[in-house]
Amino acid sequence: MSVVPHLMTLADLTGPQINRLVNHAHHLKHLSLPWLAAQRTTKKKSNLRMPSQSLFNKSIALLFSKRSTRTRVAAETASVLLGGHALFLGSSDIQFGVNETPRDSARVIGGMCQGIFARVGAHEEIEELAKYSPVPVLNALSSFWHPTQVLADLLTLHEHAHLFSPDTPPPTPTKPLSPLRPLTIAYVGDSANVLHDMLVTYPRLGHQLRIASPPQPQYQPPKLVWDRVVELGCDKHIFWSSDPREAVKNADVVITDTWISMGQEAEKAQRLNDFAGYQVTEALCREGGANPDWKFLHCLPRKQDEVDDEVFYGPRSLVFPEADNRKWTIMAAFDLLFGKWDITGEKALKGVE
């Protein structure tokens, strides 16, 4: 019997495997967009190519213990394009975490659905789901990791590679994504799940990371996460400071995230005090010496404390293309993991796909 594949974090994939996922997302995106466009002409859809239908007649469980906008909408709409059905299972809808263990839930849900996309609290919950599920489990967010967000960020950066290299042509639907030149990527904010997947991903793809977070221990990565960073050799390409101006020095891309994650509302006053001076602004990046053409990313939802309106809604911001790309990168992960059980590309390499 085949070993069930799962994806908990991008640390589980090699650099080429991550690039394969991003390029597959680009491919699916441009196959799908004509099907979604308003049909104002008599052009026959029979002339269009269908995206993969690997989820035809299959059901994907969206097991969400936490609220979601982008992840949920992306997962449901991506499932439809792949020919499948997404079944939303919120925390108030099922017994998971209330009267039933993750082990039992994994076996029951996995016995009826062909994939589990799980957005949980503690990372241990999704690990237990994966341990006992008879079908693939994909991490939609946990306390430690958020792999699908970083995939969307990568697709967005590749689609805008021409903004970082003047001789790189803009992307086209018929050509593979252009490679990114080595970038300096600054992150200003809390050491949370999005940053953790950045730490194990960007250095392996040739980029430098410059991080600013408050010096208190709660704003540093957990030992389990940092151990993976060191194991992969990524720590050699990461600069860490408590000064956001140091972090944005020579930055091509500046990223921030929420300072108050779900479940941390009681810490709001303390966190806002600790992050005083961390708001991403034109002034901060100018004083810190960011690249004059720097661009901005944020996984959303955004709060004014984290980034001001001038940056968030200005020409530097790529946040809404980034949000759109949650759909296409989740679609690629669903296709390869749930539809084909081939997230690593081993079958493709063997000519099986």
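Parameters at a glance
Residues numbered from 1 in each chain as written. Predicted model: local features only at pLDDT ≥ 70, side-chain atom pairs only at ≥ 80, totals over all residues. Heavy atoms only, no water. Helix = DSSP H or I, 4+ residues; strand = E, 2+ residues; numbered from the N terminus. Buried < 20%, exposed > 50% of the residue type's maximum accessible area, 1.4 Å probe, protein only. Contact = heavy atoms within 4.5 Å. Areas by Shrake-Rupley, 256 points an atom, 1.4 Å probe, with all protein chains shown as cover. Polar contact = N/O pair within 3.5 Å; in protein donor to acceptor, adjacent residues only side chain to side chain. Pairing = 2+ DSSP bridges. Axes fitted to C-alpha atoms, helices over the stretch in contact; angles between N-to-C directions. Domains from an automatic or database assignment. Salt bridge = Lys/Arg side-chain N within 4 Å of Asp/Glu carboxyl O. Nonpolar A, V, L, I, M, F, W, Y, C, P; charged D, E, K, R; others polar. Right-handed = clockwise from strand over helix to strand, strands pointing away. Phe/Tyr/Trp six-rings, centres within 6.5 Å; stacked < 30°, edge-to-face > 60°. Disulfide = S-S within 2.5 Å.

A. Quick look at the overall build of the protein chain. Counting its regular elements, the protein chain contains 14 helices and nine strands. In terms of overall dimensions, the protein chain has C-alpha extents of about 55 × 55 × 40 Å along its principal axes. Here the protein chain holds 353 residues, and the buried ones make up 54% of them. In the protein chain, of all internal contacts separated by at least 6 residues, the share reaching a separation of at least 24 is 73%. In the form shown here, the protein chain has an accessible surface area of approximately 15,700 Å², with 54% of it arising from carbon and sulfur atoms.

B. Layout of the side chain of Arg-210. Assignment of secondary structure puts Arg-210 in strand β6 (residues 208-212). There is a polar contact of 3.3 Å between the side chain of Arg-210 and the backbone oxygen of Ala-247. Not counting residues within four places of it along the chain, the set of residues in contact with Arg-210 comprises Thr-184, Ile-185, Ala-186, Tyr-187, Phe-239, Glu-246, Ala-247 and Lys-249.

C. Highlighting the sheet that holds strand β3 (residues 115-119). On the basis of which strands lie adjacent, the open sheet formed by four strands has the order β2-β1-β3-β4 and parallel pairing. Among the strands making up the open sheet, the edge pair consists of β2 (85-90) and β4 (137-141). In this sheet, neighbouring strand axes are inclined to one another by 20° on average, regardless of whether the strands run parallel or antiparallel. Bridge count between β3 and β4: four bridges; the pairing is parallel.

D. Molecular detail of the domain arrangement of the protein chain. What the domain assignment lists for the protein chain is domain 1 (6-32 + 53-145 + 324-345) and domain 2 (153-323). Once you take the C-alpha centre of each, domain 1 and domain 2 turn out to be 24 Å apart. At the boundary of domain 1 with domain 2, the tally comes to two salt bridges. Among the ionic pairs, Arg-228 bridges to Asp-12, the shortest N-O distance being 3.3 Å. Looking at the side of domain 1 that touches domain 2, the elements with two or more residues in it are α1 (15-36) and α13 (319-339). Tallied by class, residues from the side of domain 1 that touches domain 2 come to 10 nonpolar, 11 polar and nine charged.

E. Main features of the pairing of strand β5 (residues 184-188). Counted residue by residue, β5 has five buried out of five residues, so it is predominantly covered. Burial along β5 is two-sided: the residues Thr-184, Ala-186 and Val-188 and Ile-185 and Tyr-187 are all buried. The pairing of β5 with β6 spans five bridges and is classified as parallel. Following the sheet pairing, Val-188 is matched in β6 by Ala-212. Each parallel crossover has a hand, and the one from β5 via helix α7 (residues 193-199) to β6 is right-handed. Direction of pairing for β5 relative to strand β8 (residues 253-256): parallel, over a ladder of three bridges. By the bridge assignment, Ala-186 is partnered in β8 with Val-254.

F. Here's a closer look at the packing of aromatic side chains. Overall, the coordinates contain 10 aromatic pairs when judged by the stated rule. Here Phe-275 and Tyr-278 contribute two aromatic rings whose centre-to-centre distance is 5.4 Å and whose plane-to-plane angle is 80°, an arrangement assigned as edge-to-face. Each of the two residues, Phe-275 as well as Tyr-278, counts as buried. An aromatic cluster is built from Phe-64, Phe-88, Phe-117, Phe-334 and Phe-338, whose rings are joined through pairwise contacts.

G. Expanded view of the pairing of β2. Sheet topology places strand β1 (residues 59-64) next to β2; six bridges connect them, and they run parallel. Bridging from a neighbouring strand, Ser-59 pairs with His-85 of β2.

H. How the structure looks around the state of the cysteines. Tallied over the full model, the rule gives zero disulfides. Cys-234 takes part in no disulfide bond, and the closest cysteine sulfur to it belongs to Cys-299, at a distance of 20 Å. Using a relative accessible area of 1% as the deciding quantity, one classes Cys-234 as buried. Lacking any disulfide linkage, Cys-285 is separated from the closest cysteine sulfur, that of Cys-299, by 17 Å. The class for Cys-285 is buried, based on a relative accessible area of 1%.

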